[in-house]
Amino acid sequence: MLSKFLPRVRKPARYCGGEYGSVVKARSSVELRVAFCFPDVYEVGMSHLGMKILYSLYNSLPYVWCERCFAPWPDMEELMRENNIPLFGLESRDSIRDFDCVAFTIQYELCYTNILNMLDLAGLPVKSKDRDNSCPLVIAGGPCTCNPEPIADFIDLFVIGEGEEVSVELMELMKQGKQEDITKSELLRRASELEGVYVPSMYTVLYNDDGTVKSVTPSGDAKNIITKRIITDFDNVYYPDSFVVPSTEVIHDRVMVEVQRGCIRGCRFCQAGHTYRPIREKKAATLARQAKTLAENTGYEEISLTSLSTSDYKQLKELVDELIDWCRERHISIALPSQRADNFSMELMQRLQAVRRTGLTFAPEAGTQRLRDVINKNITEQDLLNACAIAFRAGYNSVKLYFMIGLPTETDEDLEGIATLAQKVLYTWRESSVKKTRGVTITIGTASFVPKPGTPFQWCAQDSLEELKRKQSFLVSKMKIKNVTFNYHDAEVSHLEGVMARGDRKISDVIELAWRKGVRFDAWDEHFRPSFWRECFAEANLDMNFYACREREKDEVFPWEHIYNGVTREHLRKEYDRAMEGIVSPDCRTECSMCGAMELLGGGMCDA
Ligand code: SF4
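Below: a short report on this structure. (Residues numbered from 1 in each chain as written. Predicted model: local features only at pLDDT ≥ 70, side-chain atom pairs only at ≥ 80, totals over all residues. Heavy atoms only, no water.)

### Examining the pattern of salt bridges
Here is the rule: We define a salt bridge as a side-chain nitrogen of Lys or Arg found within 4 Å of a carboxyl oxygen belonging to Asp or Glu. The way it works is that DSSP assigns letters per residue, a run of H or I at least four long becomes a helix, a run of E at least two long becomes a strand, and they are numbered from the N terminus. Only protein chains enter the accessibility calculation, which uses a 1.4 Å probe. A residue is then buried if its area is under 20% of the maximum for its type, exposed if over 50%, and partly exposed in between.
Counting across every chain of the model gives 57 salt bridges. Glu43 serves as the salt-bridge partner of Arg14, at 2.8 Å between the closest nitrogen and oxygen. Remark: Glu43 occurs in helix H1 (residues 42–45) and Arg14 occurs in the segment before strand E1 (32–38); sequence separation between them is 29 residues. Exposure remark for Arg14: the relative accessible area of 4% places this residue in the buried category. You can call Glu43 buried: its relative accessible area is 6%. The partner of Asp463 in a salt bridge is Lys471, and the shortest N-O contact between them spans 2.6 Å. Pair check on accessibility: Asp463 and Lys471 agree, each one buried.

### Considering the environment of His527
Applied cut-off: In what follows, residue pairs with any heavy atoms lying within 4.5 Å of each other are defined as contacts.
Counting through the fold element by element, His527 comes out in the loop between helix H16 (507–516) and helix H17 (530–539). For His527 and Lys127, which are 400 residues apart along the polypeptide, the C-alpha to C-alpha distance reads 24 Å. With residues near it in sequence (within four places) discarded, His527 still touches Trp73, Pro74, Arg520 and Phe521.

### Quick look at the site of the ligand
Convention followed: In this text, near means that some heavy atom of the residue lies within 4 Å of the molecule or strand in question. Lys, Arg, Asp and Glu make up the charged group, whereas Ala, Val, Leu, Ile, Met, Phe, Trp, Tyr, Cys and Pro make up the nonpolar group; the residues left over, Gly among them, are polar.
Taken together, the residues surrounding the ligand are Arg277, Cys588, Cys592, Ser593, Met594, Cys595, Met598 and Cys606. A per-class count over the shell around the ligand returns six nonpolar, one polar and one charged.

### Re the sheet that holds E1
Definition in use: Only strands that DSSP links by at least two bridges are regarded as paired with each other. Fitted lines through C-alpha atoms give the axes, limited to the stretch in contact for helices. The angle between two N-to-C directions lies from 0 to 180 degrees.
Taken in spatial order, the six strands make up an open sheet running E2-E1-E3-E4-E5-E6, and their pairing is mixed. Across the chains shown, the open sheet's two edge strands, defined by having one partner strand only, are strand E2 (64–70) and strand E6 (197–198). Here strand E4 (residues 137–141) runs beside strand E5 (residues 157–159); their pairing, made up of two bridges, is parallel. Bridge pairing links Ile139 to Leu157 in E5. The sheet strands contacting helix H2 (residues 49–60) are E1, E2, strand E3 (101–105) and E4, and the helix crosses E2 at an angle near 150°. Contacts from helix H6 (residues 184–191) reach E4, E5 and E6 within the one sheet, and its direction differs from that of E4 by about 30°.

### Here we look at the side chain of Thr443
Inspection of the secondary structure puts Thr443 in strand E17 (residues 441–448). Sequence-distant contacts of Thr443, that is, excluding residues within four places in its chain, are made with Val399, Lys400, Leu401, Thr485 and Asn487.

So far we have only geometry, and geometry alone does not tell us how the molecule works.
Have a look at this one:
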């Protein structure tokens, strides 16, 4: 049935399945069927490491068959609706409506309408309360569960934190429940007892007259606070020995090994840097073994040493030593996705570039030292210029620099500082480059700051849409510099992201409204409809600025107050106060600032 439609859609390989490494099991041989859903297109989902790990983990359980499922692009959605083709698992093409569990990984706020669209295409009611015992259990995990409230009405249970261990516990529970033929509400009650599991239907939210949250109260035996799950023995955590190799081009198409979780730096805007704490590293020997096995089993020609700040990984030199000759013999390149200017090593880069040269990227984030101290970036202008000089002397003739605008306490002088820094990088090239003949390309990219839950800036107001746009045109006027390319993100997108990031359950109705009006793929420029969202918020009588552009009171109850992401509120507030005074805090390797995350290690120490 499906194959006759594939020639009529863009990139039909998105819907074919059958890729090398995909797992097919006999339906009769398993007790549970799981649809692992990524609420965006195939090329994005297939690049995501978390999905690769959990897909393989689920399928390592003999009684589980896990299949992949991605959001169909609008052309395919139209055909599916016209021809009553329900959303299907890529491996079997069976409707996921008939599965036991539909599991979403939620990586960013702008995919929320895609979740509803996938549920609806599967023939499932979008609201959790409208799904009866005949429906699969709908679960979700990923970074957006730091504040799951905007989508609480659509999901039966959330996994807060890291999924490797709790996913197995959930499967065991579901297997037992199926054998006992228990109801969904009983299954949810049992699941709510697991550490890191949040069942929103077991919590009641009350609001103050001004619209802020008054309380979030558990019913029955539900926990007052849901503490995120972490993997304490990170070096021995489950890791796949093979990946599904896509049969069409995807965004990140390579071997990935996760060298560490968490980050020692404590940049105050960074959600991942706080919510993935405590710091845990894998041993170089473990990583080298995993990388070689994956490269042999997939045929990939690139190995990416991934983490939030790989240049901070303590055994980086040992790991590269273990891999470099093995890779060189097989023409496999090694990539370091994240490098900091303050510990940039040209010696390391040159060793890695011997196989294949990749671009150079640094993220100073702010244009002046004052503002870099406010956000606790702990990088000086000299660090950046030194790193660029080293790179230019080594023959590099392009560098990307990432900044943010709209940061707390930011002034136009700070914005001007971005242009000044770009100019200084150009001078540095002129002074230090050995290959001037080819000219230099300096790319300045600016994102708009979005205050996120679980960070010291969770109290901050986001700049208004008008102010963000004013700052962008101000910067455009300052960025007329030879060899410098300047680009910035759509302020409307950042504004909506700001609303969803700190939203409450009232927003669920707005998300449903927007979806019913046809809103999908908000993360894609060609599909983003900001006017639709404004309409929907107006219809729901809710103010987007209340969520995005309002400074929170010190003691305000956050919509996610019942979710503990591992770093204490006291620590976050202390860091907020230090930011407002422009005081930096040491990184974890220099001094532990007692953020609370170490408690989750049950007496173990952070690998700072
Ligand atoms: S407990 Fe200390 S060392 Fe560990 S993540 Fe927190 S601040 Fe860093």
